[in-house]
Structures are given as C-alpha cells and as structure tokens.
Amino acid sequence: AQTVTQSQPEMSVQEAETVTLSCTYDTSESDYYLFWYKQPPSRQMILVIRQEAYKQQNATENRFSVNFQKAAKSFSLKISDSQLGDAAMYFCAYRRPGTYKYIFGTGTRLKVLA
Amino acid sequence: DTAVSQTPKYLVTQMGNDKSIKCEQNLGHDTMYWYKQDSKKFLKIMFSYNNKELIINETVPNRFSPKSPDKAHLNLHINSLELGDSAVYFCASSQVGEALHFGNGTRLTVT
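### A short note on the interface of chain A and chain B
(1) Moving on: Contacts between chain A and chain B engage 19 residues on the former and 29 residues on the latter.
(2) Moving on: Carbon and sulfur atoms supply 56% of the area that chain A and chain B bury against each other, a total of about 1900 Å² over both sides.
(3) Moving on: In terms of surface lost to chain B, no three residues of chain A exceed R43, Y100 and Y102 of chain A, which account for 38% of the buried area on that side.
(4) Moving on: Linking chain A with chain B are 2 salt bridges.
(5) Moving on: For K101 of chain A, the salt bridge goes to E58 of chain B, with nearest N and O atoms at 3.1 Å.
(6) Moving on: At the junction of chain A and chain B, the tally comes to 10 residue pairs in polar contact (both at pLDDT 80 or more).
(7) Moving on: For the side of chain A that touches chain B, the secondary structure elements donating two or more residues are β5 (33–39), β6 (46–52), β10 (88–95) and β11 (102–104) of chain A.
(8) Moving on: Counting residues per element, the side of chain A that touches chain B draws most heavily on β5 of chain A, which supplies 4 residues.
(9) Moving on: Among the residues making up the side of chain A that touches chain B, the classes are represented as 10 nonpolar, 4 polar and 5 charged.

Structure follows, in structure tokens:
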C-alpha cells in the first residue's frame with residue numbers, strides 16, 4: 001500500500017529566509033503524481049505545486065520549488081524568501097495514475113517568525 | 001465564480017440528529033470526493049464518485065451516505081450523529097491526472 005510520510009510535525013523559519021519541508025512516500029509504481037497543498041488558518045486547501053514522476057525536472061512556482069528524488073522516493077518543498085503569509089499547514093500528497101485515490105501525509109505546521 | 005462550493009460552512013448540532021452537507025463544482029470535473037479532517041489535521045478519504053458512480057467507499061460507518069444526483073453535485077448525509085463525527089469535512093473534485101480542487105470545508109460540531 002502506498003504511504004506518505006511527513007516526518008516534521010512543525011517547522012519554524014525567519015521571515016525572508018529559506019525553509020525545506022520533507023516528504024517521503026512508498027510506492028512500487030514508476031509513474032505517479034505528487035502534490036504539495038497549503039492550509040492556512042482559514043482552512044482552505046490550496047494547491048502549491050504538482051510534480052509528475054516521469055518528469056525529471058523539478059517543478060517550480062514562484063518562491064516554491066521541489067526537490068524530487070525519485071530513487072529515494074523523496075519530494076521536499078523549498079520555500080524561498082519566506083513571508084508571514086506562508087504560515088500554514090503543508091500537506092504532501094500522492095496519486096497513482098489510473099486510480100482516483102489521493103493519499104495525504106500527516107502535515108507539517110510552518111511558523112514564520114517576524 | 002467559486003470552483004467547488006460546499007454548504008454550510010459551519011454546522012452545530014446535537015447527538016442523534018441527522019444532517020446533510022451539500023457540494024457543487026463548476027469545473028466540469030468527472031470525479032468528486034468527501035474527505036474528513038480530524039482534530040489532528042489528518043485528511044482521510046471517505047467517498048469518491050466518478051460520473052455519478054461510487055468508486056471509493058472507505059471504512060466509514062453506515063450512518064454516512066453520499067449521494068451524487070449528477071456529476072457536478074455530491075452531497076453527504078449523516079444519520080444519528082455522534083460526538084466522534086465532529087471534524088471538518090471537505091468536498092473536492094478532480095479530473096484525471098490533475099490536482100484535487102477543494103471546497104472551503106464544513107466544520108461540524110456535535111454536542
């Protein structure tokens with residue numbers, strides 16, 4: 001069974017600094033999708049970034065980028081120039097093609113210090 | 001032009017009552033979901049429908065019954081509410097290979 005692990009329940013970062021949130025997953029598939037979602041205190045679930053496993057290039061969205069290490073089954077999220085508005089829960093998620101199930105990690109709470 | 005909208009946002013009710021949460025999406029997606037987020041923020045899938053057909057039915061008490069009248073709507077009815085049902089319930093939709101698009105959640109509090 002596929003699992004997604006976020007080993008950092010909580011992280012802190014100074015405003016304007018860079019932080020990396022880790023995510024590992026377990027799968028025997030060669031093709032799949034990975035996602036990072038942000039959940040601010042408003043409780044909205046916001047898609048941050050999406051990565052397709054067959055693409056070797058790491059996805060990037062403005063200040064958010066991923067380090068996708070397929071062999072290591074690692075999918076970490078790097079937030080550059082952290083802003084107060086980045087404070088939120090961050091969830092990593094996995095989906096196997098041909099299935100409808102998205103599996104979420106347990107989340108990492110990110111605090112941004114002024 | 002809300003993409004996935006669910007109502008109500010908040011629901012406070014007493015044990016034993018029956019309640020419903022409604023969800024609608026205007027993205028043209030074929031697949032809709034119900035997720036439950038508990039007090040520890042863990043997101044667990046409950047149900048999924050694809051073109052009105054139930055395709056995922058996780059281990060959820062029979063008191064929970066989803067209904068999809070068409071592919072743009074997915075409702076959740078809960079009978080005989082219990083304290084442990086208190087949580088945030090998220091509706092979501094997706095198209096094949098794409099990310100999940102979430103509604104804003106319904107916070108259910110059972111007293």
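### Thoughts on the sheet that holds strand β8 (residues 73–78) of chain B
Residues and elements named next belong to chain B.
(1) Moving on: With antiparallel pairing, 4 strands are arranged side by side in an open sheet as β1-β3-β8-β7. Each having just a single partner strand, β1 (4–7) and β7 (64–70) make up the two edges of the open sheet. Averaged over all adjacent pairs, the angle separating strand axes in this sheet is 15°, with direction ignored.
(2) Moving on: Note that strand β3 (residues 19–25) and β8 share 4 bridges and pair antiparallel. Residue pairing for β8: E24 is matched across the bridge by H73.

Thresholds, definitions, all that
Residues numbered from 1 in each chain as written. Chains lettered and ligands numbered in written order. Predicted model: local features only at pLDDT ≥ 70, side-chain atom pairs only at ≥ 80, totals over all residues. Heavy atoms only, no water. Contact = heavy atoms within 4.5 Å. Buried area = accessible area lost by both parts, 1.4 Å probe. Salt bridge = Lys/Arg side-chain N within 4 Å of Asp/Glu carboxyl O. Polar contact = N/O pair within 3.5 Å; in protein donor to acceptor, adjacent residues only side chain to side chain. Helix = DSSP H or I, 4+ residues; strand = E, 2+ residues; numbered from the N terminus. Nonpolar A, V, L, I, M, F, W, Y, C, P; charged D, E, K, R; others polar. Pairing = 2+ DSSP bridges. Axes fitted to C-alpha atoms, helices over the stretch in contact; angles between N-to-C directions.

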